[in-house]
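Coordinates in review
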Amino acid sequence: MTDFDFLDGRWNVRNRRLADFLDPNSGWEEFDGHTTGHLFWDGAAHVDEIVFPSKGFRGLTTRLYEPETGEWTLNWANSRTGRLEPPVRGRFGADGTGRFHGDDHHAGRAVRVRFLWSDITAAGARWEQAFSVDGGETWVTNWVMTFTRA
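Let us look at the structure shown here. (Residues numbered from 1 in each chain as written. Predicted model: local features only at pLDDT ≥ 70, side-chain atom pairs only at ≥ 80, totals over all residues. Heavy atoms only, no water.)

For the protein, the helix and strand inventory stands at 0 helices and 10 strands. Listing each helix as α and each strand as β along the protein from the N terminus yields β-β-β-β-β-β-β-β-β-β. In terms of C-alpha radius of gyration, the protein reaches 15 Å, essentially the compact-globule figure of 15 Å for 150 residues. Here the C-alpha coordinates of the protein stretch approximately 40 × 35 × 30 Å along the principal axes. Sorting the 150 residues of the protein into buried and exposed places 42% on the buried side. In the protein, the share of contacts with a sequence separation of at least 24, taken over all contacts with a separation of at least 6, comes to 37%. Split by element, the accessible area of the protein, about 7900 Å² in all, is 50% carbon and sulfur. If the 17 positive side-chain charges of the protein are averaged to one point and the 22 negative ones to another, these points end up 5 Å apart. (Helix = DSSP H or I, 4+ residues; strand = E, 2+ residues; numbered from the N terminus. Rg over C-alpha atoms; globule rule 2.2 N^0.38 Å. Buried < 20%, exposed > 50% of the residue type's maximum accessible area, 1.4 Å probe, protein only. Contact = heavy atoms within 4.5 Å. Areas by Shrake-Rupley, 256 points an atom, 1.4 Å probe, with all protein chains shown as cover. Lys, Arg positive; Asp, Glu negative; His and termini not counted. Charge placed at Lys NZ, Arg CZ, Asp CG, Glu CD.)

With that out of the way, let us pick up the environment of Glu71. For Glu71, the position within the fold is in strand β5 (residues 71-78). Taking the C-alpha atoms as reference, Glu71 lies 30 Å from Asp23; in sequence the two are 48 residues apart. Here Glu71 is in contact with Leu64, Tyr65, Glu66, Arg89, Gly90 and Arg91, once residues within four sequence places are set aside. In this structure the side chain of Glu71 is engaged in a polar contact, spanning 3.2 Å, whose partner is the side chain of Arg89. (Polar contact = N/O pair within 3.5 Å; in protein donor to acceptor, adjacent residues only side chain to side chain.)

Read once around its circumference, the closed barrel built from 10 strands follows the order β1-β2-β3-β4-β5-β6-β7-β8-β9-β10, with strand pairing classed as antiparallel. Within the sheet, the average angular offset between the axes of one strand and its neighbour, ignoring direction, is 25 degrees. Both strand β3 (residues 45-52) and strand β4 (residues 57-66) contribute to a ladder of 8 bridges, which runs antiparallel. Within β4, the residue paired with Glu49 across the bridge is Leu60. (Pairing = 2+ DSSP bridges. Axes fitted to C-alpha atoms, helices over the stretch in contact; angles between N-to-C directions.)

Written out as structure tokens, the structure is:
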């Protein structure tokens, strides 16, 4: 499996994040980060740590490929809580875009979560997160990361 091979190694990450993940009018904040990723299991697993120096926390993502379903699970944890959040599941399409969905809670509300990986090249990639409170009818994109090779 090679879907996340592109993410192996060191990256600089420009973040753009909504102040309130459910309010598209809450305003965007921008900040830098950097990440280092490693492949395992011949590309069927990928783990990275992302550091947000100005925010005072780090994140850890584990991506695991399930041969039986042909899907990936993406699992996120951050150093503030030490808790593994519910996974998102999905796959990359013929157009090269990875689409992953899951269920979670934010600010006491049930949300549908969507991750999109796109614009993938040897030198860059884009990730975005969106939440839906109406079962996926409408989405609020609340975090965008632009990756450039370090």
